[in-house]
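Reading the structure
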Amino acid sequence: MSDRYCVFGHPVGHSRSPRIHALFAEQCGQAMTYEAIEAPREDFAGAWHAFVAAGGCGANVTVPFKEEGYRVADVLSQRARRAGAVNTLIHGRDGRTYADTTDGVGLVRDLEAHGVTLDGARILVLGAGGAVRGVLDPLLAAGPQSLHIANRTAEKAVSLAADFHPQERGQHQTRVTGSGYDALEGPFDVVINGTSASLGGELPPLPETLLAADGVAYDMMYAADPTVFLQWASARGARTIDGLGMLVEQAAESFFLWRHVRPDTAPVRDTLRREL
Ligand code: ATR
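Parameters and conventions
- Residues numbered from 1 in each chain as written.
- Predicted model: local features only at pLDDT ≥ 70, side-chain atom pairs only at ≥ 80, totals over all residues.
- Helix = DSSP H or I, 4+ residues; strand = E, 2+ residues; numbered from the N terminus.
- Buried ≥ 20, exposed ≤ 12 C-beta atoms within 10 Å, placed from the backbone.
- Contact = placed C-beta atoms within 7 Å.
- Core = buried A, V, L, I, M, F, W, Y, C linked by C-beta atoms within 7 Å.
- Domains from an automatic or database assignment.
- Pairing = 2+ DSSP bridges.
- UniProt positions renumbered as here; feature names shortened; annotations may be inferred.
- pLDDT = per-residue confidence, 0-100.
- Axes fitted to C-alpha atoms, helices over the stretch in contact; angles between N-to-C directions.
- Parallel < 35°, antiparallel > 145°, perpendicular 65-115°, else oblique.
- Left-handed = near helix turned anticlockwise from the far one by under 90°.
- Nonpolar A, V, L, I, M, F, W, Y, C, P; charged D, E, K, R; others polar.
- Near = placed C-beta within 6 Å.
- Arc of directions from axis to C-beta.
- Right-handed = clockwise from strand over helix to strand, strands pointing away.

Glancing now at the environment of Ala-83. Locating Ala-83 in the fold gives a position in helix 4 (residues 78-83). Owing to 27 C-beta atoms within 10 Å, Ala-83 belongs among the buried residues under this scheme. Residues Ala-83 and His-165 lie 82 residues apart in sequence; the distance between their C-alpha atoms is 14 Å. Not counting residues up to four positions away in its chain, the partners in contact with Ala-83 are Thr-101, Arg-133, Gly-134 and Asp-137.

Core analysis: the largest hydrophobic core is formed by 76 residues, its most contacted members being Phe-8, Ala-59, Ile-123, Leu-139, Val-190, Val-191 and Ala-217. Considering each element in turn, this core owes the most residues, seven residues, to helix 9 (residues 244-259). Both of domain 1 (3-101 + 246-275) and domain 2 (104-242) provide at least three residues apiece to this core. Apart from the residues lying within four places of it in its own chain, the contact partners of Phe-8 are Ile-37, Ala-39, Phe-44, Ala-47, Ala-59, Val-61 and Phe-65.

To continue, consider the pairing of strand 5 (residues 88-91). Working note: regular strand, side chains alternate between the two faces of the sheet. Bridge count for strand 3 (residues 56-61) against strand 5 is three bridges, and the pairing is antiparallel. Considered in strand 5, the bridge of Ala-59 is made with Leu-89. As paired elements, strand 5 and strand 6 (residues 97-100) share four bridges and run antiparallel to each other. For Ile-90, the partnering residue across the bridge sits in strand 6 and is Tyr-98. Between the antiparallel neighbours strand 5 and strand 6 lie five residues, among them Gly-95 with a positive phi of about 85 degrees.

When the UniProt feature table is mapped to this numbering, "binding site: shikimate" (unreviewed entry) covers Ser-15, Arg-16, Ser-17, Thr-62, Asn-87, Asp-103, Tyr-222 and Gln-250. Counting through the fold element by element, Thr-62 comes out in the loop between strand 3 and helix 3 (66-72). Those residues in contact with Thr-62 that sit more than four places away from it in its chain are Val-7, Gly-9, Val-12, Ser-15 and Asn-87. Here Asp-103 is in contact with Asn-87, Gly-134, Val-135 and Gln-250, once residues within four sequence places are set aside.

With that out of the way, let us pick up the confidence of the model for the protein chain. This prediction gives the protein chain a mean pLDDT of 95; 97% of its residues lie at or above 70. Interface scoring of the predicted complex returns ipTM 0.98; its pTM is 0.96.

Turning to the packing of helix 5 (residues 103-113) against helix 6 (residues 130-141), a few remarks are in order. Two numbers describe how helix 5 lies on helix 6: the axes approach to 7 Å, and their chain directions differ by 50 degrees. In terms of orientation, helix 5 lies oblique with respect to helix 6. Helix 5 and helix 6 meet at a crossing whose hand is right-handed. Contacts between helix 5 and helix 6 involve Asp-103, Gly-104, Val-105, Leu-107 and Val-108 from the former and Gly-134, Val-135, Leu-136, Asp-137, Pro-138 and Leu-139 from the latter. Looking at the contact of helix 5 with helix 6 residue by residue, the classes come out as seven nonpolar, two polar and two charged.

So, about the site of the ligand. Neighbouring the ligand are 16 residues, the closest being Gly-129, Ala-131, Arg-152, Thr-153 and Thr-195. For the shell around the ligand, the residue count by class is five nonpolar, eight polar and three charged.

Another aspect to go through is helix 8 (residues 228-235). All of the buried residues in helix 8 are Phe-229, Leu-230 and Ala-233. Buried residues of helix 8 fall within an arc of 95 degrees about the axis and therefore sit on the same side. Contact partners of the buried residues in helix 8: strand 11 (188-193), strand 12 (211-219) and strand 13 (239-241). In the segment just after helix 8, Gly-237 is the residue with positive phi, at about 85 degrees.

Next up on the list: the domain arrangement of the protein chain. The domain architecture assigned to the protein chain consists of domain 1 (3-101 + 246-275) and domain 2 (104-242). With centres defined by C-alpha atoms, the gap from domain 1 to domain 2 works out at 25 Å. The interface is formed by 12 residues belonging to domain 1 together with 13 residues belonging to domain 2. Looking at the side of domain 1 that touches domain 2, the elements that each hand over two or more residues are helix 4 and helix 9. When residues in the side of domain 1 that touches domain 2 are grouped by element, the largest group, five residues, is from helix 9. Taken together, the residues that form the side of domain 1 that touches domain 2 break down as four nonpolar, three polar and five charged.

Our focus in this paragraph is the pairing of strand 7 (residues 122-126). By the criterion of burial, strand 7 is predominantly enclosed, with four of the five residues buried. Across five bridges, the pairing between strand 7 and strand 8 (residues 146-150) is parallel. Bridge pairing in strand 8 places Ile-123 opposite Leu-147. This β-α-β element, strand 7 to helix 6 to strand 8, shows right-handed connectivity. Bridge count between strand 7 and strand 11: four bridges; the pairing is parallel. Each bridged residue has a counterpart across the sheet, and for Val-125 the counterpart in strand 11 is Ile-192.

What follows is the structure in structure tokens.
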């Protein structure tokens, strides 16, 4: 019998995760199934425990259950604890629920796959919501010179920065700061859009001085056409990357946590790009 996995969301019909994990399973010869389950908003824990009772081995957790996933976990990884949310659940042999978050690793791996150097870079992150909190630990572990968080509600950026500052890594210390958009100057080497503004076709107010000459603009969102943020950056000469690769890389890390096998992500990313 195949091992069972799923993604929980609400809604979940749009999720690309079943497709990605089917491609990984086929590529790696893994006997597993992966389905999308729309859990009731008010009882995520019940949905997870019912899935496990029916033979479920692990799950991805997407909006709006990432914090709920955190709460059902018996054992949290350190990065999940820092993120305050999880995207991967594992039903352990001991019956306990283990949880991790792979979004930040996915982001860093995708930046690396595109040849972007984070070590020593001046990074700007736009947004201070759950999506941004979830990626800060791996970004900081990559050793940037500085990391600034800008957000429409400035206090949220300041408070999030304070949670992650100071960040020690060997002899090196990264400055982590936060502000509103009005105080933003630049130049930055890497600018990552982690706001949900792109969803509504909106753009935070950004100064012309934002990007360094060879700057990279990354949007954690993806769509068939470039997001407004990537269009803005592209018009100013920046290299632009959307979040499709991050989606595939975070899935690959979840797959590894469950199956202990690392899929080759590049062909899967290419397939998904063609299917957009
Ligand atoms: P997520 O889980 O996607 O991070 P969230 O926690 O609701 O969702 O955070 C959404 C982020 O997008 C926030 O940083 C929000 O800014 P505020 O904290 O000021 O609300 C940001 N955001 C959403 N729409 C925006 C817009 N039109 N312009 C600028 N920022 C926006």
